[in-house]
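# Observations on the three-dimensional arrangement
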Amino acid sequence: WREFRHTAMTKAFLFGAVVMPILMMGLFIIVIPLMKTTEDPLKGTVIVLGPEDVVTVLQSKISEEDNSLQEIMVQLPEIIAQDPLVGALRPKKLETDLQIIVAPEEDIDILKDQVRNGDYLGLIIVPEEIVQTEQSDVRLEVFIAKSFSTKHTDILTSLTSKSVIDARLQRLGHDPDAIKQLTRRPRTIATRLSDDGTEAKDNEIARKIIPMAFMMLLWIATFTSGNYLLTTTIEEKGNKVMEVLLSAISPIQLLGGKILGQAGVSAVILCMYGSAAFAGLLSFALVDLIPFSHLVLFAVYFVIAYFMIATIMAAIGSAVSELSDAQSLMGPAMLILIIPFALWPIISDQPNGMIATIASLTPPLIPFIMIIRVTASTEMVATWQIMLSIGIGFASVLAMVWMCARIFRIGILMQGKPPSLLQLVLWIKQG
């Protein structure tokens, strides 16, 4: 309880582990749906120096409905496209009131000065060569005032580029609208057929994002509390608090209390950030993408992951006297534990492949790799592999706790030069 209170009852922890997730949930549920576009309307006169057919097409496009956003929405999964929160996040069509006039044959520098002075909203120069079908290095030029917003610039350049394309098609005798309809990508629905005869829609986005989200949640919850365990152990060792504690309890009792106390901290972090993630899924109507069995397995692998990380951090913290000295010992450990990030794309794509299977049975990678496999696989991972990974995981936890205890018993009262990895191995033998 002392270890938990010393960490979890501080203002910094409450802000980072409690306030921030609550703000995230509020952002998903309350703030984002209320967001409205406050962009000023695009109004004014734009002068164009270019072919007459391009100017004509540009004038017609300004008065038309902008369908580029609709094309994007069509490509999104139906469950996302129809969600009200996505509708709130979706950029609204900007109000435009532009007048397009043809530039007289005069010096371009004079026209630029008129744009600077505010006589015109912008100047567009469309060379004749760019409208021709032959390849040309000539570029379209758009000159705007200094105060012109980025969104307005995108609209102006996009409409002009589309107008050039339509003018090219018209010169070749084609109907631009017909060409667009012919080249529009059709919507596709991928359905997976299971051996038991059931059918389920394949959600590629969920298969890539959800496994990473699960692993990141596991990583944040375990490494945050593990880092607290490392720093508090070093601080108590440095200010001699550890010696006072050891006068009343044994080193093993102290180690057990610190690990279990930080387990409560890790559980708080997991619940808070997990709730924020659940709120996001609820807002996007994606809760059905996560079966209940995945949550149960996540809880099991969380226990394994925490005790693995906690024993590593406690062993390193007891072996050094300064936080800076811990970096040399943390390097090899972090190098191993960063492997799940490197293997994530491979495992998400082939959750039942050889690399995924071997890595998911190799401690201390088991909980991180296995949660990716479970959530990325379109079918349930073989039960014997899940049970074997859990068995190896808990056996590894017992072995790591035993090794950590032997290092802790020797290192907790050691001062001076930090030990090397070889010396830690010797401590395990001597402890």
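Residues numbered from 1 in each chain as written. Predicted model: local features only at pLDDT ≥ 70, side-chain atom pairs only at ≥ 80, totals over all residues. Heavy atoms only, no water.

### As for the overall build of the chain
The condition that has to hold: Helix numbers and strand numbers start at the N terminus; a helix is a DSSP run of H or I with at least 4 residues, a strand a run of E with at least 2. Partly exposed residues are those whose accessible area sits between 20% and 50% of the maximum for their type, while under 20% is buried and over 50% is exposed, using a 1.4 Å probe and protein chains only. Two residues qualify as a contact provided that any one of their heavy atoms is within 4.5 Å of a heavy atom in the partner residue.
Of the regular secondary structure elements, the chain holds 20 helices and six strands. Within the span of the chain, comprising 431 residues, buried residues form 40% of the whole. Considering only contacts within the chain whose residues lie at least 6 apart along the sequence, 77% involve residues at least 24 apart.

### As for unusual backbone geometry
Between Pro 363 and the following residue, Pro 364, the backbone shows a cis peptide bond with an omega angle of 0°. Counting through the fold element by element, Pro 364 comes out in the loop between helix 17 (354–359) and helix 18 (366–376).

### Some thoughts on the packing of helix 14 (residues 292–319) against helix 19 (residues 383–411)
Worth spelling out the cut-off: A fitted line through C-alpha atoms serves as each axis, taken over the contacting stretch for helices, and the angle formed by two N-to-C directions is quoted from 0 to 180°. With respect to orientation, any angle under 35 degrees is reported as roughly parallel, any angle over 145 as roughly antiparallel, any angle of 65 to 115 as roughly perpendicular, and every other angle as oblique. Crossing handedness: left-handed means the near helix sits turned counterclockwise from the far one by under a right angle, and right-handed means the same turn made clockwise. Any residue outside Ala, Val, Leu, Ile, Met, Phe, Trp, Tyr, Cys, Pro, Asp, Glu, Lys and Arg is labelled polar, Gly included; the first ten of those are nonpolar and the last four are charged.
At a minimum axis distance of 9 Å, the contact between helix 14 and helix 19 shows a crossing angle of 20°. Regarding the angle of helix 14 to helix 19, the classification is roughly parallel. Here helix 14 runs over helix 19; the crossing is left-handed. Of the residues in the contact of helix 14 with helix 19, the class split is 19 nonpolar, six polar and no charged.

### Notes on the packing of aromatic side chains
The criterion, for reference: When the centres of two rings from Phe, Tyr and Trp lie within 6.5 Å, Trp using its six-membered ring, the rings pair. Their planes under 30 degrees apart give stacked, over 60 give edge-to-face, and anything left gives tilted.
Applying the stated criterion across every chain, the model contains six aromatic pairs. Summarising the aromatic geometry, the rings of Phe 214 and Phe 298 are spaced 5.3 Å apart at their centres and angled 65° between planes, so their arrangement reads as edge-to-face. Here the residue Phe 214 occupies a position in helix 11 (residues 204–238), and Phe 298 occupies one in helix 14, the gap between them amounting to 84 residues. Across the pair, Phe 298 and Phe 214 agree in class, each one buried. Measuring from ring centre to ring centre gives 4.0 Å for Trp 219 and Phe 223, while their planes differ by 20°; the resulting arrangement is stacked. A residue pair is termed a helical-turn pair when its members lie 3 or 4 positions apart in one helix, as Trp 219 and Phe 223 do in helix 11 at four residues. A single burial state applies to Trp 219 and to Phe 223, both of which are buried.

### Quick look at the environment of Asp 349
Within the fold, Asp 349 resides in helix 16 (residues 339–349). The spatial distance from the C-alpha of Asp 349 to the C-alpha of Ser 377 is 8.5 Å, given a sequence separation of 28 residues.

### A word on the nonpolar core
Stated formally: In this description, a nonpolar core means a group of buried Ala, Val, Leu, Ile, Met, Phe, Trp, Tyr and Cys residues linked to one another through side-chain atoms lying within 4.5 Å.
Tyr 301, Phe 368 and Ile 371 are the most contacted members of the largest nonpolar core, which totals 73 residues. No other element matches helix 14, which puts 16 residues into this core. The contact partners of Ile 371, leaving out residues within four places of it in the chain, are Phe 214, Met 215, Leu 218, His 294, Phe 298 and Tyr 301. Judged by nonpolar contacts, the second largest core, of 19 residues, contains Val 46, Val 48, Phe 148 and Ala 167.

### Brief notes about the side chain of Thr 232
Condition: Whenever a nitrogen or oxygen atom comes within 3.5 Å of another N or O atom, the pair is scored as a polar contact, on the condition that within protein one atom can donate a hydrogen and the other can accept it, and that pairs from neighbouring residues in sequence are kept only if both atoms are in side chains.
When you line up the elements, Thr 232 lands in helix 11. Since its relative accessible area comes to 6%, Thr 232 is described here as buried. Here the side chain of Thr 232 touches Tyr 228 through a polar contact of 2.8 Å, landing on its backbone oxygen.

### Looking at the pattern of salt bridges
Inclusion rule: Think of a salt bridge as a Lys or Arg side-chain nitrogen and an Asp or Glu carboxyl oxygen that are within 4 Å of each other.
One pass over the structure, following the stated rule, counts nine salt bridges. Put simply, Glu 128 and Arg 171 hold a salt bridge, and the shortest N to O gap is 2.7 Å. In this pair, Glu 128 sits in helix 8 (residues 128–131) while Arg 171 sits in helix 9 (residues 150–171), placing the two residues 43 residues apart along the sequence. Its relative accessible area of 39% is what places Arg 171 among the partly exposed residues. Each of Arg 2, Glu 3, Glu 236 and Lys 258 takes part in one network of salt bridges that share partners.

### Regarding helix 15 (residues 326–337)
Convention followed: For a helix, the expected span equals 1.5 Å multiplied by the number of residues minus one. This arc is taken over the directions from the axis of the helix to the C-beta atoms.
Across its twelve residues, helix 15 extends 16 Å between first and last C-alpha, which sits within 8% of the 16 Å expected from 1.5 Å per residue. Among the residues making up helix 15, those that are buried are Ala 326, Leu 329, Met 330, Ala 333 and Leu 337. With its buried residues spanning 95° around the axis, helix 15 presents them on a single face. Counted as exposed and oriented over 90 degrees from the buried face of helix 15: Gln 327, Ser 328 and Leu 335.

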